[in-house]
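Survey of secondary and tertiary structure
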Amino acid sequence: MASITMSELVKVYPGGVRALDSIDLTVEDGEFFALLGPSGCGKTTLLRTIAGLESASGGGIRIGERDVTRLAPGQRDVAMVFQDYALFPHMTVTDNIAYPLKIKKVPTAERGAKAAETAAELGLSDYLARRPGQLSGGQQQRVALARAMACHPKVFLFDEPLSNLDARMRLEARTFLKRLQRELGVTTVFVTHDQAEALALADRIAVMEGGRIRQLGSPKEVFHRPANTFVASFIGSTPMNLLDAVVTGKTLAVGEEPVALPREYAGSVTDGEKLVLGIRPEYLAYSTEQVPGALHGEITVVENLGSAQLATLHGPAGFVQAVVDEETTLSLGDRGWAVPRADRVLLYRDGDLIGAREGAGSAT
Ligand code: ATP
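Everything numeric here is computed off the predicted structure, so don't read it as measured data.

**A word on the overall build of the protein chain**
The helix and strand inventory of the protein chain stands at eight helices and 21 strands. Dimensions along the principal axes, computed over C-alpha positions, put the protein chain at roughly 75 × 45 × 35 Å. Across the protein chain, the fraction of contacts at a sequence separation of at least 24, relative to all contacts at a separation of at least 6, is 67%. Roughly 16700 Å² of accessible area belongs to the protein chain as shown, and the carbon and sulfur atoms make up 50% of that amount. If the 38 positive side-chain charges of the protein chain are averaged to one point and the 44 negative ones to another, these points end up 8 Å apart.

Set out below in structure tokens:
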């Protein structure tokens, strides 16, 4: 097992795209680490550079004590699982799993035994003689995992390995993957653009944008204390409300609304200052009657979330979204009031969270 340390890692593609812009990051030994961000932010490039499938343009990578920056992929002791699994269609499950062992010149009998053993661990024993085309998506994914495991690598690198599965299989495979990683204890870097997947699986998450890390932290840190408005708007199944606010004495004027200034911010803001107030829809208490300190508006959209509803209110503060319990009757055109939970109010100055703690805050 091993940690992965990236120092001032840069990748510039031919043509000049700077896909990685001086990444400093340590993935700890045994950690399940997610790289998360929108399309084009550089997460696949970072994964492929760790694997050695892309060469670094600057900076370095260490796996454990070893500087692997200039080593070929086969010498890095890493195993990668690709989005499309990259299985050999003409080979059986056994031969697919045993393939990396063949490359390592492990004797045939030992290869077969090792492949069968790994297949058994992943519940694939009944499919050893089949070819990938005769397997479901979930089973193919397990074959790809088994192939990665067979060599006992120091590091697993996963490039969106769940994205080809349907929603139900995806949830099952997610739980399976988390359990497997815990049991094996192998340092794992997982690329996804699905924030729910990253929050569910990872010990820590790096949220990337434009080749840089915008926040590094635990799922709870990035969810509850997004370090900047980029992360705030990217994380969460219903996006955070980000509203213009002006400090007015002990309150925040949001639209025409005086919202209480949370005590923790009292010493850090100045009267008249323009800020952005962040509040997740889950932390707005909805009322059908006027309440002091509430954001009000007319209901313009109601979305069914299953066990709750998402109401969009349009009022002086702009558009505000609130999660409302399933029992409340919401009708388009009704007036509603949404009170922010004081301990969940976040304030951003020039896009950065005020009072972000060291280590939980921006990594750039
Ligand atoms: P996605 O989620 O869409 O896969 P990503 O976050 O993984 O995106 P990358 O694939 O790492 O992003 O791409 C980062 C940037 O580098 C993008 O601007 C992309 O267009 C560019 N890029 C990626 N591969 C190459 C390449 N081979 N040549 C030139 N530019 C590239």
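**Notes on the site of the ligand**
Lining the immediate environment of the ligand, one finds Tyr 13, Val 17, Ala 19, Pro 38, Ser 39, Gly 40, Cys 41, Gly 42, Lys 43, Thr 44 and Thr 45. The side chain of Tyr 13 places a nitrogen or oxygen atom 3.5 Å from a nitrogen atom of the ligand. Within the contact set of the ligand, an oxygen atom lies 2.6 Å away from a side-chain nitrogen or oxygen of Thr 44. When isolated, the ligand has an accessible area of 630 Å², and the protein chains bury 59% of it. Counting residues per element, the shell around the ligand draws most heavily on helix α1 (residues 43-51), which supplies three residues.

**A few points about the nonpolar core**
Core analysis: the largest hydrophobic core is formed by 45 residues, its most contacted members being Ile 205, Val 207, Leu 252, Val 254, Leu 277, Leu 295 and Leu 347. Among the elements that make up this core, the one with the highest residue count is helix α8 (residues 229-234) (four residues). A domain split of this core shows at least three residues from each of domain 1 (4-228) and domain 2 (238-353). Within the second largest apolar cluster, 34 residues are counted, among which are Val 93, Ala 98, Ala 150 and Leu 162.

**Some thoughts on the sheet that holds strand β2 (residues 18-27)**
Pairing in this open sheet of four strands is antiparallel, and the strands run β2-β1-β4-β5 from one edge to the other. The outermost strands of the open sheet, each flanked by one partner alone, are β2 and β5 (66-67). Sheet topology places strand β1 (residues 4-12) next to strand β4 (residues 58-63); five bridges connect them, and they run antiparallel. Paired with Ile 4 across the two strands is Ile 63, which belongs to β4. In the packing of α1 onto the sheet, the strands contacted are β1, β2 and β4, and the crossing angle to β1 comes to about 115 degrees.

**A short note on helix α2 (residues 93-103)**
Residues of α2 that are buried include every one of Val 93, Asn 96, Ile 97, Ala 98, Pro 100 and Leu 101, and no others. The inward-facing, buried residues of α2 abut α3 (108-121) and α4 (137-150). A positive backbone phi angle near 60 degrees is found at Lys 105, which sits one or two residues after α2.

**Quick notes on the pairing of strand β18 (residues 318-325)**
Relative to β18, strand β17 (residues 308-315) runs antiparallel, the two sharing eight bridges. Note on β18: the bridge partner recorded for Thr 312 is Gln 321. Hairpin connection from β17 to β18: two residues lie between these consecutive antiparallel strands.

**Considering the domain arrangement of the protein chain**
Where interface size is given, it is often the accessible area lost as the parts come together that is meant. If you check the domain split of the protein chain, you get domain 1 (4-228) and domain 2 (238-353). Listed as interface residues are seven residues of domain 1 and, on the opposing side, 11 residues of domain 2. Of all residues in domain 1, the largest losses of buried area upon contact with domain 2 belong to Phe 223, His 224 and Arg 225, amounting jointly to 58% of the total for that side. Where domain 1 meets domain 2, there are zero salt bridges.

**Examining the sheet that holds strand β21 (residues 352-353)**
Either a parallel or an antiparallel arrangement is found when strands of a sheet pair, and the pairing is made through backbone hydrogen bonds. Strand order in this open sheet of six strands is β13-β12-β11-β14-β20-β21, and the pairing throughout is antiparallel. Every other strand in the sheet has two partners, leaving β13 (257-260) and β21 as the edge strands with one partner each. Alignment of strand β11 (residues 241-248) against strand β14 (residues 274-279), held across six bridges, turns out to be antiparallel. Bridged to Val 246 within β14 is Lys 274.

**Let's talk about the packing of α4 against helix α5 (residues 167-184)**
Remark: α4 packs on α5, axes separated minimally by 11 Å, with the N-to-C direction vectors making an angle of 15 degrees. Between α4 and α5, the angle falls in the class roughly parallel. In this structure, the crossing between α4 and α5 has a hand that is right-handed. Each of Gly 138, Gln 141, Arg 142, Leu 145 and Met 149 in α4 lies in contact with α5, whose residues at this interface are Met 169, Ala 173, Phe 176, Leu 177, Leu 180 and Leu 184. Residue classes in the contact of α4 with α5 are distributed as eight nonpolar, two polar and one charged.

**Here we look at the packing of aromatic side chains**
This structure, assessed with the given rule, holds five aromatic pairs. On the numbers, 6.1 Å between centres and 10 degrees between planes, the contact of Phe 230 with Phe 234 is stacked. Here Phe 230 and its partner Phe 234 are both found in helix α8, four residues apart, which amounts to about one turn of the helix. Take Phe 230: its relative accessible area is 17%, and that puts it in the buried class. A connected cluster of aromatic rings, assembled from ring pairs, spans Phe 32, Phe 156, Phe 158 and Phe 190. Above the ring of Phe 176, the side-chain terminus of Arg 142 is found at 4.0 Å from the ring centroid. Over the ring of Phe 223 we find Arg 280, and its NZ or CZ is 4.1 Å from the ring centre.

The rules we used
- Residues numbered from 1 in each chain as written.
- Predicted model: local features only at pLDDT ≥ 70, side-chain atom pairs only at ≥ 80, totals over all residues.
- Heavy atoms only, no water.
- Helix = DSSP H or I, 4+ residues; strand = E, 2+ residues; numbered from the N terminus.
- Contact = heavy atoms within 4.5 Å.
- Areas by Shrake-Rupley, 256 points an atom, 1.4 Å probe, with all protein chains shown as cover.
- Lys, Arg positive; Asp, Glu negative; His and termini not counted.
- Charge placed at Lys NZ, Arg CZ, Asp CG, Glu CD.
- Near = heavy atom within 4 Å.
- Polar contact = N/O pair within 3.5 Å; in protein donor to acceptor, adjacent residues only side chain to side chain.
- Core = buried A, V, L, I, M, F, W, Y, C linked by side-chain atoms within 4.5 Å.
- Buried < 20%, exposed > 50% of the residue type's maximum accessible area, 1.4 Å probe, protein only.
- Domains from an automatic or database assignment.
- Pairing = 2+ DSSP bridges.
- Axes fitted to C-alpha atoms, helices over the stretch in contact; angles between N-to-C directions.
- Buried area = accessible area lost by both parts, 1.4 Å probe.
- Salt bridge = Lys/Arg side-chain N within 4 Å of Asp/Glu carboxyl O.
- Parallel < 35°, antiparallel > 145°, perpendicular 65-115°, else oblique.
- Left-handed = near helix turned anticlockwise from the far one by under 90°.
- Nonpolar A, V, L, I, M, F, W, Y, C, P; charged D, E, K, R; others polar.
- Phe/Tyr/Trp six-rings, centres within 6.5 Å; stacked < 30°, edge-to-face > 60°.
- Lys NZ or Arg CZ within 6 Å of the ring centre and 35° of its normal.

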